[in-house]
Amino acid sequence: MALALLRHMRCLCTLPRTVAALQSSIDKRSYAERGSLERVVSAFRAVVGDDGVSLGAAVREQHGKDESVHSCQPPDVVVWPRSVEEVSALAKICHHHRLPIIPFGTGTGLEGGVGAMKGGVCFSLRKMDSVLDLHQEDFDVTVEPGVTRKALNAYLRDTGLWFPVGWCSPTAAWLPPARRAPTGRRHQVNLEVVLADGTIIHTQRSRKTAAGYNLTNLFVGSEGTLGVLTKATLRLYGVPEALVSAVCSFPSVQAAVDSTVHILQAGIPIARIEFLDDVMIDACNRYSALSYPVSPTLFLEFHGTERGLEEQVSITEEITQGNCGSDFSWARDTETRARLWKARHDAWYAALALRPGCRAYATDVCVPISHLPQIIVETKKDLTENHLTGPIAGHVGDGNFHCLMVLDPHDPDEVKRVHHFTERLARRALALDGTCTGEHGVGLGKRALLREELGPLAMEVMQGLKAALDPKNLMNPGKVL
Ligand SMILES: Cc1cc2nc3c(=O)[nH]c(=O)nc-3n(C[C@H](O)[C@H](O)[C@H](O)COP(=O)(O)OP(=O)(O)OC[C@H]3O[C@@H](n4cnc5c(N)ncnc54)[C@H](O)[C@@H]3O)c2cc1C
């Protein structure tokens, strides 16, 4: 059977690939063996055209991994639909042949979400990149999944509106928290979703609603395990009249967090408040030729009117001084603001530069803000004791922080130590009433931790939802649950 399939596949390949790679892919392909690959691939081509399907090894490899350290699990085929109708038609074929579907955005996830654990078909949404409907008076816009934040904001340039975060990623999306208007709220209003059997649904019609279950949030957090998101209506916000950026150093993590709490308690409508630990600041100083004191540091951003901002900045400075903050500097003009925030913006690359030739992998947890100093101090001790490089950057306003682990992927001992460290970190967060991930999602890597966090009963509810929406377990199998 495998050899027969191999013969079919060799005829169908559009790019050169080795027989050994193909053979091993077929050996893994428990689902695909049940259907005829030849017929399946022809059916895909009938929907998306010859250039919308690839069986090439390099292409499959590229779509079988993200930015995490999880090993590559290539899909059997990659398809590039251009519309919801095409996604639905492709899903129907997969459903009929019991082929897994793995949605793929840009592959920048950090928990192994795009690996094809059981082979199957990668649905790359890259070609669905249109901005569809802009309603300026309603402050919303409908976009396809390939639209990036940059592209959307370029489109919105002359409207006086903007979208402050990344796309409606089915992981948690790029949500620098403590943001004023959207804090604690999802940015997606309505989603169009293609279910495993090809059915197309919409999750919500109106911006404000009390009608029925909140399907929007269910699908936003589903990491491709419940359906393929093909459109999202996103909330937009007015471009602020003025912006101020500020930076302040602190003698301890506790002092930085206390300042954050006091700023929030004072009702200052802070737009962004980000934390870097001393190791991260040191790395940024070296990488970007800066000279910040090597100590815990807050990066702040204020949005508002010229007059309002003056008051916000002056109260914030007072608060930081009351918490032993030093070197408070702030700026209004674009160039100086960019310079002040350069350390924060370059943090990823600065961390990487600590160990040239190594890889970076970010893990995140979130705790109630009052527990942040304790968990950060314990985590830094853990890193030192285990000889690991893991500078810390946090969205301190809501207790969420990332350890940017810099490691040698070819050193199995170090990879293992990082793995154990991330588990300890997550368990430390759980012990402090936190969560094993505030942003990056569960993917492949945090499934056991999710179970520990929610307990068996909540897991059963999730499994029931999954079974109801995807009874054949075709949507991104092996992830989340
Ligand atoms: C340098 C760096 C910094 C980062 N910083 C942050 C940060 O500050 N905050 C934060 O939240 N995240 C951060 N991330 C991780 C972030 O979650 C991802 O980069 C991004 O949200 C994932 O989008 P993607 O399109 O690349 O998803 P992919 O990696 O392509 O996919 C992620 C998951 O979503 C599923 N998926 C993708 N598209 C769809 C779709 N259309 N329908 C259904 N399921 C789909 C996939 O199957 C997979 O399970 C960072 C990553 C990097 C590399």
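Residues numbered from 1 in each chain as written. Predicted model: local features only at pLDDT ≥ 70, side-chain atom pairs only at ≥ 80, totals over all residues.

As named in an unreviewed UniProt entry, the protein is D-lactate dehydrogenase (cytochrome), taken from Anguilla anguilla. Taken verbatim from the UniProt record of the protein, the Cofactor (unreviewed entry) comment is "FAD". (UniProt positions renumbered as here; feature names shortened; annotations may be inferred.)

1. Examining the overall build of the protein
In terms of helices and strands, the protein carries 16 helices and 18 strands. By residue count, 45% of the 481 residues in the protein fall in the buried class. Taking as baseline every contact in the protein between residues at least 6 positions apart, the subset at least 24 positions apart corresponds to 74%. (Helix = DSSP H or I, 4+ residues; strand = E, 2+ residues; numbered from the N terminus. Buried ≥ 20, exposed ≤ 12 C-beta atoms within 10 Å, placed from the backbone. Contact = placed C-beta atoms within 7 Å.)

2. Describing the packing of helix α8 (residues 253-265) against helix α14 (residues 372-385)
α14 packs onto α8 with a crossing angle of 155° between their chain directions and a minimal axis gap of 9 Å. By the angle between their directions, the pair α8 and α14 is classed as roughly antiparallel. Once α8 is placed against α14, the crossing between them reads as right-handed. Between α8 and α14, the residues in contact are V253, Q254 and V257 and L372, P373, I376 and V377, respectively. Of the residues in the contact of α8 with α14, the class split is six nonpolar, one polar and no charged. (Axes fitted to C-alpha atoms, helices over the stretch in contact; angles between N-to-C directions. Parallel < 35°, antiparallel > 145°, perpendicular 65-115°, else oblique. Left-handed = near helix turned anticlockwise from the far one by under 90°. Nonpolar A, V, L, I, M, F, W, Y, C, P; charged D, E, K, R; others polar.)

3. Observations concerning the pairing of strand β4 (residues 121-124)
Going residue by residue along β4, you find V121 and F123 tucked away on one face and C122 and S124 tucked away on the opposite face as well. Sheet analysis places strand β2 (residues 77-79) next to β4, joined by three bridges and oriented parallel. Bridged to V78 within β4 is C122. Here strand β3 (residues 101-104) runs beside β4; their pairing, made up of four bridges, is parallel. Counterpart to P103 in the pairing with β4 is F123. (Pairing = 2+ DSSP bridges.)

4. Points about the packing of α8 against helix α10 (residues 306-322)
Viewed as axis vectors pointing N to C, α8 and α10 meet at an angle of 145°, and their least axial separation amounts to 9 Å. Once α8 is placed against α10, the crossing between them reads as right-handed. Here S259, H262 and I263 of α8 come into contact with α10, specifically with T316, I319 and T320. Residue classes in the contact of α8 with α10 are distributed as two nonpolar, four polar and no charged.

5. Some details on unusual backbone geometry
Here E223, not a glycine, exhibits a phi torsion of approximately 50°, which is positive. If you trace the backbone, E223 turns up in the loop between α7 (215-220) and β10 (228-235). Although it is not a glycine, D327 sits at a positive phi angle of roughly 55°. Inspection of the secondary structure assignment puts D327 in strand β15 (residues 326-331).

6. Focus on helix α15 (residues 412-431)
Residues separated by three or four positions in an α-helix point in the same direction, a consequence of the helix having 3.6 residues per turn. Compared with an ideal rise of 1.5 Å per residue, which puts 20 residues at 28 Å, α15 spans 29 Å between its outermost C-alpha atoms and is within 8% of the ideal. Along its buried surface, α15 packs onto β16 (359-366), α14, β18 (400-407) and α16 (447-469). Positive backbone phi, approximately 65°, marks D433, located one or two places after α15. (Expected span 1.5 Å × (residues − 1).)

7. Overview of the sheet that holds strand β1 (residues 53-54)
Reading across from one edge, β1-β2-β4-β3 is the order of the four strands in this open sheet, with mixed pairing throughout. Only two strands of the sheet have a single partner each, and these edge strands are β1 and β3. Across two bridges, β1 lies against β2 in antiparallel orientation. Residue pairing across strands places S54 opposite V78, the latter belonging to β2. Against the sheet, helix α5 (residues 84-97) contacts β2, β3 and β4, and its axis sits at roughly 175° relative to β4.

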